[in-house]
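Residue strings, one per chain:
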Amino acid sequence: MKQISAIIEQLDTRLAGKWPAAAGIRQFSYSLQKQPDTGLLEWLAAQPCYPKFYWQQRDGNEEAAVCGDAYSFGHIAQAQAFIRQFPDVPDLHIWGLNAFNGTADDASAANALFLPRIELCRQGNTWWLRCTLFSPYSLQDEARRTRLFLRSLVASRTLPPLTSHVLQHQHLPAESQWKALVERALSGIEQHQFDKVVLARKTTLTLSQPLNACAFLAASRSVNHHCYHFMLAFTAQQAFLGSSPERLFLRDNTELYTEALAGTVANHPDDQQAQALGDWLLSDGKNQRENLLVVDDICQRLQGGAHSLDVTPAEVLRLRKVQHLRRNIHGELTGPDDAGCLQRLQPTAAVAGLPRQAARKFIAEFEPFDREWYAGSAGYLSAEQSEFTVALRSAMVKGHHLELYAGAGIVAGSDAAQEWLEIENKAAGLRTLLEEHYTPAVQAG
Ligand SMILES: C=C(O[C@@H]1C=C(C(=O)O)C=C[C@H]1O)C(=O)O
Ligand SMILES: [Mg+2]
């Protein structure tokens, strides 16, 4: 990464100049003349600073590795207000995670959004490095701190192979509790407390060695196609990561792109068999209901915030372990308001249920663990464009432990055993990277 070290040297020289001992913000951008020698994830893996965040858009064209926090935000409304304060710095990007419960109105919500000191980005075949200085007190002090930070950056290394293997696993809820929970949800549906509730499971894997989160994400990225790949490393031992197929929203000025991704069947390595499963999915009443409830929820939630909503017919999205029903939703926003979009859309009925409040109450009361980052969102916001993925097919790395999350939408007609298989298949997207021979049973259909 010679180019990167050359840019860092240039930056250092710039920062060594005279800076006002007053509040301020500055941004410097450098384009890379050619493709860096190693990937952005490899570069990020080597950096000894936290937090650090990685993101790759699901079409594979946009990638970012960002680190060092120039400023952090507990709520997207604060992040948005910050960006609006500086219209003369149009490229301010704030990256990170919103927790599942992170859209509560109180601004004390503990989300993990930050304005990075360094961003290394790619769009198609164009790479650039951006450095941001911000201080509410003294740019002079901040320039000095940033120079120290730049000196802590190191060259990329190749990622270590994945050598951890699984010693044991523990499901929460266990299969018998899951069945009881699904029955309880079905009686809530029968009694008209709600139409849909999404129930999830946390599986703790005990590993033979601590897991390198970047190497794990790289392994996932190489096989789990058509997904967003994201990781927030909090410390050297703790990181939340995932490979999710689901867009929460993309905002391009006032254009809004979102989707209803719900309804699931297993995938099959054989194309014909996969197609037969996909055809079954398209015609299955329970899965169509699951998906249409998400469309209803999103359209209701966007009322007053967006108009000219357009919903495409259902299509099948084929992933490595599962296939889903997807309907794309496009609308025109009344204004470029990311905090408003998040508030309206997170959590959608694809990960919570419908009506939202009743479903959330059921989850809070009966799900036997705290979702934390799972089913929240991961991505970025900026003045012009913002995008968040739903933080599914995700896991928390905690040294020797990996906590894997997976959930399924329960609607009238759901069967507890089938829904268990569905979450096994969803969790398999990450789990099989450590247990090659782990094969959840193929779902009926
Ligand atoms: C809740 C999850 O996935 C969601 C639930 C789905 C379903 O029940 O069919 C499908 C896609 C996702 O919206 C998960 O992966 O954990
Ligand atoms: Mg489902």
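Residues numbered from 1 in each chain as written. Chains lettered and ligands numbered in written order. Predicted model: local features only at pLDDT ≥ 70, side-chain atom pairs only at ≥ 80, totals over all residues. Heavy atoms only, no water.

**As for the UniProt feature "binding site: Mg(2+)" (unreviewed entry) in the chain**
Formally: UniProt positions are given in the numbering used here, feature names are shortened, and annotations may be inferred rather than shown by experiment. For the purposes of this entry, the term helix denotes a DSSP run of H or I that reaches at least four residues, the term strand denotes a run of E that reaches at least two, and both are numbered from the N terminus. For this analysis, residues touch if any pair of their heavy atoms sits within 4.5 Å. Categorising residues by exposure relies on relative accessible area from a 1.4 Å probe, with only protein chains included: less than 20% of the type maximum marks a residue as buried, more than 50% marks it as exposed, and the intermediate range marks it as partly exposed. Here a polar contact is recorded for every N or O atom pair within 3.5 Å, except that within protein the pair must consist of a potential hydrogen donor and a potential acceptor, and residues adjacent in sequence are included only if both atoms are side-chain atoms.
Under the UniProt annotation, the feature "binding site: Mg(2+)" (unreviewed entry) is placed at Glu290 and Glu422. Separation in sequence by 133 residues is not matched in space for these annotated residues, since their most distant C-alpha atoms are only 13.5 Å apart. Within the fold, glutamate 290 resides in helix α8 (residues 285–302). Not counting chain neighbours up to four residues away, the residues in contact with glutamate 290 comprise Lys196, Ala262, Gly263, Gly409, Val411 and Glu422. As for its placement among the helices and strands, glutamate 422 is situated in helix α11 (residues 416–431). Its relative accessible area of 1% is what places glutamate 422 among the buried residues. Within the local environment of glutamate 422, its side chain forms a polar contact with the side chain of threonine 264, the two groups lying 3.3 Å apart.

**Brief notes about the UniProt feature "domain: Chorismate-utilising enzyme C-terminal" (unreviewed entry) in the chain**
What UniProt calls "domain: Chorismate-utilising enzyme C-terminal" (unreviewed entry) maps, in this numbering, to residues 175–426. Here residues 175–426 is 35% helix and 37% strand, with 15 Å between the C-alpha atoms at its ends.

**Comments concerning the nonpolar core**
Spelled out, the test is: Residue types Ala, Val, Leu, Ile, Met, Phe, Trp, Tyr and Cys, when buried and joined through side-chain atoms within 4.5 Å, form a set referred to as a nonpolar core. Either an automatic procedure or a domain database provided the assignment from which the domain bounds are taken.
Phe53, Phe82, Ile94, Val197 and Leu199 are the most contacted members of the largest nonpolar core, which has 86 residues in total. Tallying contributions element by element places helix α5 (residues 175–190) first for this core, with 6 residues. Both domain 1 (2–152) and domain 2 (166–431) contribute no fewer than three residues apiece to this core. Among residues more than four places away in sequence, those in contact with phenylalanine 53 are Leu44, Ala64, Ala65, Val66, Trp95, Gly96, Leu97, Phe114, Met231, Leu232, Ala378 and Gly379. Leu15, Trp19, Leu241 and Val397 belong to the second-largest nonpolar core, a separate cluster that totals 50 residues.

**Some words on the site of ligand 1**
To be explicit about the condition: Residues are labelled near a given molecule or strand when at least one of their non-hydrogen atoms is within 4 Å of it. Working definition of accessibility: Shrake-Rupley area with a 1.4 Å probe, residue cover restricted to the visible protein chains.
The immediate surroundings of ligand 1 are formed by 18 residues, with Glu246, Leu261, Thr264, Tyr374 and Arg393 found nearest. Contacts to ligand 1 include glycine 409, whose backbone N or O atom sits 2.8 Å from an oxygen atom. Glutamate 422 places a side-chain nitrogen or oxygen 3.0 Å from an oxygen atom of ligand 1. The fraction of the free accessible surface of ligand 1 (400 Å²) that becomes covered by protein chains is 100%. If you list the elements that add at least two residues to the shell around ligand 1, you get β12 (255–266), β20 (401–411) and α11.

**Description of the coordination of the magnesium ion (ligand 2)**
The following threshold applies: Note: metal donors comprise N, O and S atoms at 2.8 Å or less from the metal (3.2 Å for Na, K and Ca); water molecules are not included, so apparent gaps in a site are possible.
Protein coordination at the magnesium ion (ligand 2) comes from Glu290 (OE) and Glu422 (OE), with a distance range of 2.3 Å. With glutamate 290 in helix α8 and glutamate 422 in helix α11, the pair connects residues that are 132 residues apart, well separated along the chain. Given the relative accessible area of 2%, glutamate 290 is considered buried.

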